[in-house]
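Survey of secondary and tertiary structure
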Amino acid sequence: NVYFEGDYTSWQNSIEQNTFVAFWLSIRGTMPWLQPWIEECTPRFLGTILLFSEICLRGIGQVFFQNNPISGLLILIGLFIQSTRVALHGVLAVIAGNLLAILLRFETGLCLADK
């Protein structure tokens with residue numbers, strides 16, 4: 001407390017009230033709120049497609065130790081910029097791997113990659 005005067009929690013609460021900061025805090029990390037939001041707020045068929053897309057993007061990100069769908073999307077964009085052929089092979093591989101996990105009835109937590 002030599003260099004900082006004041007209450008840490010009041011400083012943290014004032015920062016979290018800023019909408020941009022609140023948005024940034026919600027997308028960092030593993031985004032645990034995303035899967036329940038997809039399941040609750042979208043129609044069943046669209047929700048299934050979005051959930052599978054989210055699982056695939058997490059799978060791409062996990063190759064680089066990032067369990068976040070936004071990281072997976074950025075990595076996929078980078079792959080498409082570098083080589084469309086490599087990116088398409090990666091997309092086919094992640095879709096096949098996730099479909100196989102679902103068809104073999106792996107544990108739900110493993111398929112959703114939330115742990």
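Look a little higher up for the structure.
Notes on the structure follow. Owing to the predicted nature of the structure, the values given are computational and were not obtained by experimental measurement. Position numbers for residues count from 1 along each chain, tracking the sequence in the order it is written. It should be noted that, the model being predicted, local features are given only for residues of pLDDT at least 70 and side-chain atom pairs only at 80 or more, the latter also being counted only at that level, while totals for whole chains, interfaces and linings use all residues. Heavy atoms from the whole structure form the basis of all side-chain values; hydrogens and water molecules are not counted.

1. Description of helix H4 (residues 44-62)
Each α-helix turn comprises 3.6 residues. Residues three or four places apart therefore point the same way. For helices the rule is a DSSP run of H or I covering at least 4 residues; for strands it is a run of E covering at least 2, with both sets numbered from the N terminus onward. To estimate how far a helix should reach, multiply one less than its number of residues by 1.5 Å. Across its 19 residues, H4 extends 26 Å between first and last C-alpha, which sits within 8% of the 27 Å expected from 1.5 Å per residue. Among all positions in H4, only Gly47, Leu51, Phe52, Glu54, Ile55, Cys56, Leu57, Arg58, Gly59, Ile60 and Gly61 are buried. Remark: exposure states derive from per-residue accessible area (1.4 Å probe, protein chains only) relative to the maximum for the residue type, with buried under 20%, exposed over 50%, and partly exposed in between.

2. Here we look at unusual backbone geometry
Glycine aside, the phi torsion of most residues is negative, and most peptide linkages are trans. Although it is not a glycine, phenylalanine 65 sits at a positive phi angle of roughly 60°. When you line up the elements, phenylalanine 65 lands in the loop between H4 and helix H5 (69-82). When its relative accessible area of 77% is taken as the criterion, phenylalanine 65 is described as exposed. Within the chain, arginine 105 stands out as a residue other than glycine whose phi angle is a positive 55°. Inspection of the secondary structure puts arginine 105 in the loop between helix H6 (84-103) and helix H7 (108-112).

3. Details of H6
Given a rise of 1.5 Å per residue, 20 residues ought to cover 28 Å, and the 28 Å separating the end C-alpha atoms of H6 matches this to within 8%. Residues of H6 that are buried: Ala87, Val94, Asn98 and Ala101. Down the axis of H6, the buried side of the element spans an arc of 65°, and every buried residue falls inside it. Structural note: H6 exposes Arg85, Leu92 and Leu103 on the side pointing more than 90 degrees away from its buried face. Of all possible arcs, the one meant is that of the directions from the helix axis to the C-beta atoms.

4. Some thoughts on the packing of helix H3 (residues 34-41) against H4
For any two helices packed against each other, the geometry is given by the interaxial angle and the distance between the axes. For the pair H3 and H4, the least separation of the axes is 9 Å and the interaxial angle reads 165°. Here H3 lies roughly antiparallel to H4, going by the angle between them. For the pair H3 and H4, the crossing hand works out as right-handed. Seen from H3, the contacting residues are Leu34, Gln35, Ile38 and Glu39; seen from H4, they are Gly47, Leu50, Leu51, Glu54 and Arg58. Residues of the contact of H3 with H4, tallied by class, amount to 4 nonpolar, 2 polar and 3 charged. Lines are fitted to the C-alpha atoms to define the axes, a helix being fitted only along its stretch in contact, and any angle between axes, read from their N-to-C directions, falls within 0 to 180 degrees. For classification, angles of less than 35 degrees are called roughly parallel, those exceeding 145 degrees roughly antiparallel, those between 65 and 115 degrees roughly perpendicular, and all remaining angles oblique. Helix crossings get a hand from a simple test, with the near helix turned counterclockwise from the far one by less than a right angle marking a left-handed crossing and a clockwise turn marking a right-handed one. What makes two residues a contact is simply this: any of their non-hydrogen atoms within 4.5 Å. In this classification, Asp, Glu, Lys and Arg are treated as charged, Ala, Val, Leu, Ile, Met, Phe, Trp, Tyr, Cys and Pro as nonpolar, and every other residue, Gly included, as polar.

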